[in-house]
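Chain by chain, the residues:
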Amino acid sequence: MENSQYRVLVVDDEDDILEFVRYNLEKEGYRIETASNGKEAIRLAKQSKPHLILLDIMMPEMDGVEVCRELRADREFNATLIAFLTARSEDYSQIAGFDVGGDDYITKPIRPRVLTGRVAALLRRTPNAAESPAPENGSVIAVKDLRIDREKMLVLRGDETIALAKKEFELLWLLASKPGKVFGREEIFKIVWGEEVIVGNRTIDVHIRKLREKVGEQYISTFKGIGYKFEA
């Protein structure tokens, strides 16, 4: 896709940051909308269905974590990329963002080249970009009582639909594509997040924990110091 086909929603309560991000991304050809608070962000997101949302964490009334949680509860936003803008470098801030389904974070103060490079790397992970490896049986994996449909981004356990954030789904799909294989952490980072996306060391751990809570602990085994394996 050309950059002009990508819609990006930028959410921050500081006007100078909104203008800075808008200016630098519009120069790259992206279609930009802005919101100055969480409630406005949700309204615009439901109206325009952006490919990527750049979301400030610290905002009055409704913070970025709450906004992300509400959007991820709506299946229409399962495939929407969400990256947090944060001036805080503490682990708990990053973990809170990943915990509710965030895909990445960008630390303030934001440098123009870092911003445009990170946005380009994220958008290459949209459904039209590189895909995770596909299993031999195509776009559906069926293991025990789980059915994972990549085309519909849908996970069923029996008759129950399990709601997963985009990166949670991609991680589950990767592991389930080769049951019994131990995927190393670096391999997981490269395939699910991409080489150009920089994420915290605990990112995989947070996503694995969320997957176990939603899908079931019995499906994913940990190999300490190495990585993770899907149990068939």
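Since the model is a prediction, treat every value here as computed from it, not as a measurement. (Residues numbered from 1 in each chain as written. Predicted model: local features only at pLDDT ≥ 70, side-chain atom pairs only at ≥ 80, totals over all residues. Heavy atoms only, no water.)

(A) Highlighting helix H6 (residues 166–177). Over its 12 residues, H6 extends 16 Å from the first C-alpha to the last, a length consistent with the 16 Å expected when each residue adds 1.5 Å. Counted residue by residue, H6 has 12 buried out of 12 residues, so it is predominantly covered. Within the span of H6, buried status applies to Lys-166, Lys-167, Glu-168, Phe-169, Glu-170, Leu-171, Leu-172, Trp-173, Leu-174, Leu-175, Ala-176 and Ser-177. (Helix = DSSP H or I, 4+ residues; strand = E, 2+ residues; numbered from the N terminus. Expected span 1.5 Å × (residues − 1). Buried < 20%, exposed > 50% of the residue type's maximum accessible area, 1.4 Å probe, protein only.)

(B) Summary view of the sheet that holds strand E6 (residues 140–143). Within the open sheet, the 4 strands sit side by side as E6-E7-E8-E9. Their pairing is antiparallel. If you trace the sheet from one side to the other, it starts and ends with E6 and strand E9 (160–162), each paired once. Put simply, the sheet's adjacent strands are angled 20 degrees from each other on average, direction ignored. Direction of pairing for E6 relative to strand E7 (residues 146–149): antiparallel, over a ladder of 4 bridges. Pairing of Val-143 across the sheet is with Leu-146, part of E7. Seen against the sheet, H6 touches E6, E7 and strand E8 (154–157) and runs at an angle of roughly 115 degrees to E7. (Pairing = 2+ DSSP bridges. Axes fitted to C-alpha atoms, helices over the stretch in contact; angles between N-to-C directions. Contact = heavy atoms within 4.5 Å.)

(C) Up close: unusual backbone geometry. That bond from Lys-108 to Pro-109 is cis: its omega, -5 degrees, falls within 30 degrees of zero. Residue Lys-49 is not a glycine yet carries a positive backbone phi of 50 degrees. Mapping Lys-49 onto the fold places it in the loop between helix H2 (38–48) and strand E3 (52–56). For Lys-49, a relative accessible area of 31% puts it in the partly exposed group. Here the phi dihedral of Glu-61 falls at roughly 70 degrees; this positive angle occurs in a residue that is not glycine.

(D) The arrangement of the pattern of salt bridges in detail. In this structure the tally under the stated criterion is 17 salt bridges. In this structure, the salt-bridge partner of Lys-49 is Glu-76, at a minimum N-O distance of 3.1 Å. Of the two residues, Lys-49 sits in the loop between H2 and E3 while Glu-76 sits in the loop between helix H3 (64–72) and strand E4 (81–86), which places them 27 residues apart along the sequence. Take Glu-76: its relative accessible area is 53%, and that puts it in the exposed class. Several salt bridges share partner residues, and in doing so they unite Arg-72, Asp-103, Lys-166, Lys-167 and Glu-170 into one network. (Salt bridge = Lys/Arg side-chain N within 4 Å of Asp/Glu carboxyl O.)

(E) Local environment of helix H7 (residues 185–193). Inspection of H7 places Ile-188, Phe-189, Ile-191, Val-192 and Trp-193 among the buried residues, and these make up the whole buried set. Buried-residue contacts for H7 involve H6, strand E10 (182–184), helix H8 (203–215) and strand E12 (227–230). Following H7 by one or two positions, Gly-194 has its phi on the positive side, about 90 degrees.

(F) Geometry of the packing of H6 against H8. One way to put it is that H6 packs onto H8 with a least axis distance of 10 Å and a crossing angle of 80 degrees. Taken together, the axes of H6 and H8 are roughly perpendicular relative to one another. Between H6, through Lys-167, Glu-168, Leu-171, Leu-172 and Leu-175, and H8, the contact on the second element is made entirely by His-207, Ile-208, Lys-210, Leu-211, Lys-214 and Val-215. A class-by-class count of the residues in the contact of H6 with H8 yields 6 nonpolar, 1 polar and 4 charged. (Parallel < 35°, antiparallel > 145°, perpendicular 65-115°, else oblique. Nonpolar A, V, L, I, M, F, W, Y, C, P; charged D, E, K, R; others polar.)

(G) Seen up close, the nonpolar core. With 29 residues, the main nonpolar core has Ile-148, Val-155, Leu-172, Leu-175, Ile-188 and Phe-230 as its most contacted residues. Every element with two or more residues in this core is listed here: E6, E7, H6, H7, H8 and E12. Residue contributions to this core peak at 7 residues, all from H6. Not counting the four nearest positions on each side in its chain, Val-155 is found in contact with Leu-146, Arg-147, Ile-148, Glu-160, Thr-161, Ile-162, Leu-164, Phe-169 and Leu-172. Counting 23 residues, the second largest nonpolar core, distinct from the first, contains Leu-9, Val-11, Val-67 and Val-100. (Core = buried A, V, L, I, M, F, W, Y, C linked by side-chain atoms within 4.5 Å.)

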